[in-house]
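Summary of structural features
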Amino acid sequence: MLLKSLRSLFTVLLLPLVLAMGLGLTTSAYAVDEQTSQQMANTSDAELWKAVKSGDKGYTTAKGVETGVMINVSAIEGTNVKNDYLTPVMALAVCGVFGAFLIFYLVNGPSKLSHGFSGKMVLRWTKADLWIHWVMALSCLALIFTGLNIMLGKHVLQPYVGTGIWGSLIYGSKTIHDYAGPLFIVAWAICVVKWMPLQTFKLYDLKWFLVVGGYINFGPFKGKHPDSGFANAGEKMWFWTLTLFGLFIGVSGIMLVMPGLELPREASMAALLVHGLSAIIIIAFTIVHIWMATVLSEGGMECMKSGYCDENWAVQHHNLWYDEIKENGTLTYRD
């Protein structure tokens, strides 16, 4: 009887303790399993995110070029190059080149005709040449101004205009840019084919560079008018720059606006960088060309307005060409 009572007492006292210990062991084991699972999940997430950031390809049911790549590393790097280098260089090219020629003009003044205007106008460009020039010039200027807004507008204009105005400006710039591009490419191609025979470099072109084309009005260079054919050395340099980088900008532009090409993002980013770099070079040379053809050269703008130039202008700036057409009988005066 006593033994039976002790057994009952033992059961009453120890059973809760045994149950508590068992429950504790189970909870502890569960906590360890949960911690291990969390660590494994964290490791898996870290590896997955590392793979995503490195540009690894995953699986997706979407169809298309590189749809399995969530983050394109080269595209991010290309964007950084554009923002950190091309954008500030473009701003520097515009302000620097324009500012340099403005200072030169204020100090030096225009290149005057040594013997003044003769009043006799000599045929230099045909009507077809004028059309090609102005179609290419106007489309090029449209591309330059809209391109500058696309590249620099967010830094120069966006902070000072409303959201609606900025949205309209950037949308309009993009639309005009896309439509002016094909027009420029066609005019550029005709220009290259038609004018290339006149743009070969000659030995006398070196002297043109040495005396800065005769545009200096002071010091030892004053009054120096170097020999020049139909195109002077500066015009030839502009032509070949436009030919080469116009090709780059045209091909890269087509790659950027033709989604049907389905190019890899690396190719699209490369096209964007080539497009931007080519634009910087063409913009800089365009500013030089406009300055030298207008305010820096007395009588120069008339050539592209009517196709005729003053005879004294032809003798001073393109003497070898003038002598040639005079000798072969193709010299034509305006009635």
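Just so it is clear, the structure is predicted and the values come from calculations on it, not from any experiment. (Residues numbered from 1 in each chain as written. Predicted model: local features only at pLDDT ≥ 70, side-chain atom pairs only at ≥ 80, totals over all residues. Heavy atoms only, no water.)

Next up on the list: the overall build of the protein chain. Check the secondary structure of the protein chain and you find 10 helices and two strands. Starting at the N terminus and ending at the C terminus, the protein chain contains elements arranged as α-α-β-α-α-α-α-α-α-β-α-α. Relative to its 335 residues, the protein chain shows a buried fraction of 33%. A total of about 20700 Å² of accessible surface is found on the protein chain, and carbon and sulfur atoms cover 70% of it. (Helix = DSSP H or I, 4+ residues; strand = E, 2+ residues; numbered from the N terminus. Buried < 20%, exposed > 50% of the residue type's maximum accessible area, 1.4 Å probe, protein only. Areas by Shrake-Rupley, 256 points an atom, 1.4 Å probe, with all protein chains shown as cover.)

All right, on to the nonpolar core then. Within the largest apolar cluster, 50 residues are counted, with the highest numbers of intra-cluster contacts made by Met90, Trp125, Met136, Phe184, Cys309 and Trp321. Where this core is concerned, the elements lending two or more residues are α2 (73-108), α3 (127-156), α4 (163-195), α6 (233-257), α7 (265-293), α8 (302-306), α9 (311-317) and α10 (319-328). With nine residues, the top contributor of residues to this core is α3. Setting aside anything within four residues of it in sequence, one finds methionine 136 in contact with Phe184, Ala187, Trp188, Cys191 and Leu242. (Core = buried A, V, L, I, M, F, W, Y, C linked by side-chain atoms within 4.5 Å. Contact = heavy atoms within 4.5 Å.)

Let's shift gears to a negative patch on the surface. Side chains of Asp227, Asp323, Glu324 and Glu327 sit close together on the surface and give a patch of like negative charge. Assignment of secondary structure puts aspartate 323 in helix α10. What makes aspartate 323 partly exposed here is its relative accessible area of 42%. (Patch = residues over 30% accessible without salt bridge, like charges linked within 9 Å, V, L, I, M, F, W, Y side chains within 5 Å. Salt bridge = Lys/Arg side-chain N within 4 Å of Asp/Glu carboxyl O. Lys, Arg positive; Asp, Glu negative; His and termini not counted. Charge placed at Lys NZ, Arg CZ, Asp CG, Glu CD.)

With 33 residues, α4 extends 45 Å between its outermost C-alpha atoms, agreeing within 8% with the 48 Å of an ideal straight helix rising 1.5 Å per residue. Roughly 25° is the biggest bend found in α4, and it falls at alanine 180, with proline proline 182 one to four residues downstream. Regarding α4, the residues found buried are Trp166, Ser173, His177, Ala180, Gly181, Phe184, Ala187, Trp188, Cys191, Val192 and Trp195. Looking at the buried residues of α4, the elements they touch are α3, α6 and α7. (Expected span 1.5 Å × (residues − 1). Bend = angle between axes of the 7 residues up to and from the residue.)

Looking now at the packing of α6 against α7. Packed helix pairs are characterised by how far apart their axes lie and by the angle those axes make with each other. Closest axis-to-axis distance for the α6/α7 pair is 8 Å, and the angle between their directions is 150°. If you check the angle between α6 and α7, you find them roughly antiparallel. Along this stretch, α6 crosses α7, giving a crossing that reads as left-handed. (Axes fitted to C-alpha atoms, helices over the stretch in contact; angles between N-to-C directions. Parallel < 35°, antiparallel > 145°, perpendicular 65-115°, else oblique. Left-handed = near helix turned anticlockwise from the far one by under 90°.)

One side chain can pair with another of opposite charge once the charged atoms of both are near each other. Going through the model one piece at a time under the given rule, you end up with five salt bridges. Measuring nitrogen to oxygen at the nearest pair gives 3.8 Å for the salt bridge that ties lysine 112 to glutamate 298. In this pair, lysine 112 is assigned in the loop between α2 and β1 (121-123) and glutamate 298 in the loop between α7 and α8, connecting sequence segments 186 residues apart. On the accessibility criterion, glutamate 298 (23% relative accessible area) is partly exposed.

All we've got here are geometric facts, nothing functional implied.
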